[in-house]
Amino acid sequence: MAKQGEPKDGLSEYRRKRDFSKTAEPRAEAAHGKGRQPAFVVQIHDASTLHFDFRLEVDGVLKSWAVPKGPSSDPRDKRLAMPTEDHPMAYADFEGVIGEGYGAGTVIVWDRGTYRSLTTDRQHHEVPFAEALGQGHVSFWMDGTKLRGGYALTRIRGSAEGDREAWLLVKEDDRHASARSSTEPTRARSALSGRTLGQVAHDGR
């Protein structure tokens, strides 16, 4: 629940978890793009556990999932994706070192680009993306520097019984599919700056 005086934009949890006098992460402001495809970003986050953060722009915020093994281009791989709090759009350009506190560790932008929804109902009518997420399944086409083609996110465990949500991120079997999909996070280079996690940690920003 948002605190009194906070804008009701879905970012109250993001604000609650951070002290912006101590972190260089962007402040929480929703932003709506006009006349363009929605954005996505995938960041590598060397926090208490090394993982990938998969984020899709939806209604002015970045809907976010922690993907321990990262996205795969192999349709046979079913990658666990655990929902996290919505992030502001400015987070799509964030990389650096998060100091002591929530999410402490190094972040790089592994990939970024745009996506378009492929989600339709049984009559082949497009379903609004936010609505489809609420229903537990979305299909979308990604145009990034590393990730390209169709992907799907499917909820496999919901919150109806009080359990934490869990999703699967799976590559569609299309011309961009590949069995060679392994990514070594510590060697990966940023799509934003060309730096590795180690270089960003050394630079301190």
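The structure we're discussing is the one just above.
Described in the following lines is the structure provided in the data block.

**Let's talk about the overall build of the chain**
Link 1 in the chain: Helix and strand counts for the chain stand at three helices and nine strands.
Link 2 in the chain: If you list the helices and strands of the chain from N to C, you get α-β-β-β-β-β-β-α-β-β-β-α.
Link 3 in the chain: Over its C-alpha atoms the chain spans a radius of gyration of 17 Å, differing by no more than 12% from the 17 Å that the globule rule assigns to 205 residues.
Link 4 in the chain: Structurally, the chain occupies a C-alpha span of about 50 × 45 × 40 Å along its principal axes.
Link 5 in the chain: Within the chain, counting contacts between residues at least 6 apart in sequence, those at least 24 apart form 55% of the total.

**Let's talk about the nonpolar core**
Link 1 in the chain: With 28 residues, the main nonpolar core has F54, L56, W65, F129, F140, L147 and L153 as its most contacted residues.
Link 2 in the chain: A per-element tally of this core places strand β2 (residues 50-58) first, with four residues.

**Remarks on the packing of aromatic side chains**
Centre-to-centre distance and the angle between the planes together describe a pair of aromatic rings.
Link 1 in the chain: On inspection of all chains with the given rule, the structure shows 10 aromatic pairs.
Link 2 in the chain: Between Y115 and F140 the ring centres are 6.0 Å apart and the planes differ by 75°, which places this aromatic pair in the edge-to-face class. Of the two residues, Y115 is situated in strand β6 (residues 105-117) and F140 in strand β7 (residues 137-144); the sequence distance between them amounts to 25 residues. Take Y115 and F140: they sit in the same class, and that class is buried.
Link 3 in the chain: One aromatic cluster in this structure is built from F54, W65, Y115, F129, F140 and W167.
Link 4 in the chain: Over the ring of Y151 we find K171; its NZ or CZ atom is 5.2 Å from the centre of that ring.

**Some remarks on the pattern of salt bridges**
Link 1 in the chain: This model, assessed by the stated rule, comprises 16 salt bridges.
Link 2 in the chain: Close ionic contact of E25 with R18 constitutes a salt bridge, the shortest N to O distance being 3.1 Å. An identical accessibility class is assigned to E25 and R18; each is buried.
Link 3 in the chain: Connected via shared salt-bridge partners are E13, R16, K17, R18, E25 and E85.

**Concerning the pairing of β2**
Link 1 in the chain: With eight of its nine residues buried, β2 lies for the most part within the structure.
Link 2 in the chain: Here strand β1 (residues 39-46) pairs with β2 via seven bridges, running antiparallel. Bridge pairing in β2 links V42 to F54.
Link 3 in the chain: Two successive antiparallel strands, β1 and β2, enclose a turn made up of three residues.
Link 4 in the chain: Looking at chain direction, β2 and strand β3 (residues 61-67) are connected through seven bridges and run antiparallel.

The rules we used
- Residues numbered from 1 in each chain as written.
- Predicted model: local features only at pLDDT ≥ 70, side-chain atom pairs only at ≥ 80, totals over all residues.
- Heavy atoms only, no water.
- Helix = DSSP H or I, 4+ residues; strand = E, 2+ residues; numbered from the N terminus.
- Rg over C-alpha atoms; globule rule 2.2 N^0.38 Å.
- Contact = heavy atoms within 4.5 Å.
- Core = buried A, V, L, I, M, F, W, Y, C linked by side-chain atoms within 4.5 Å.
- Buried < 20%, exposed > 50% of the residue type's maximum accessible area, 1.4 Å probe, protein only.
- Phe/Tyr/Trp six-rings, centres within 6.5 Å; stacked < 30°, edge-to-face > 60°.
- Lys NZ or Arg CZ within 6 Å of the ring centre and 35° of its normal.
- Salt bridge = Lys/Arg side-chain N within 4 Å of Asp/Glu carboxyl O.
- Pairing = 2+ DSSP bridges.

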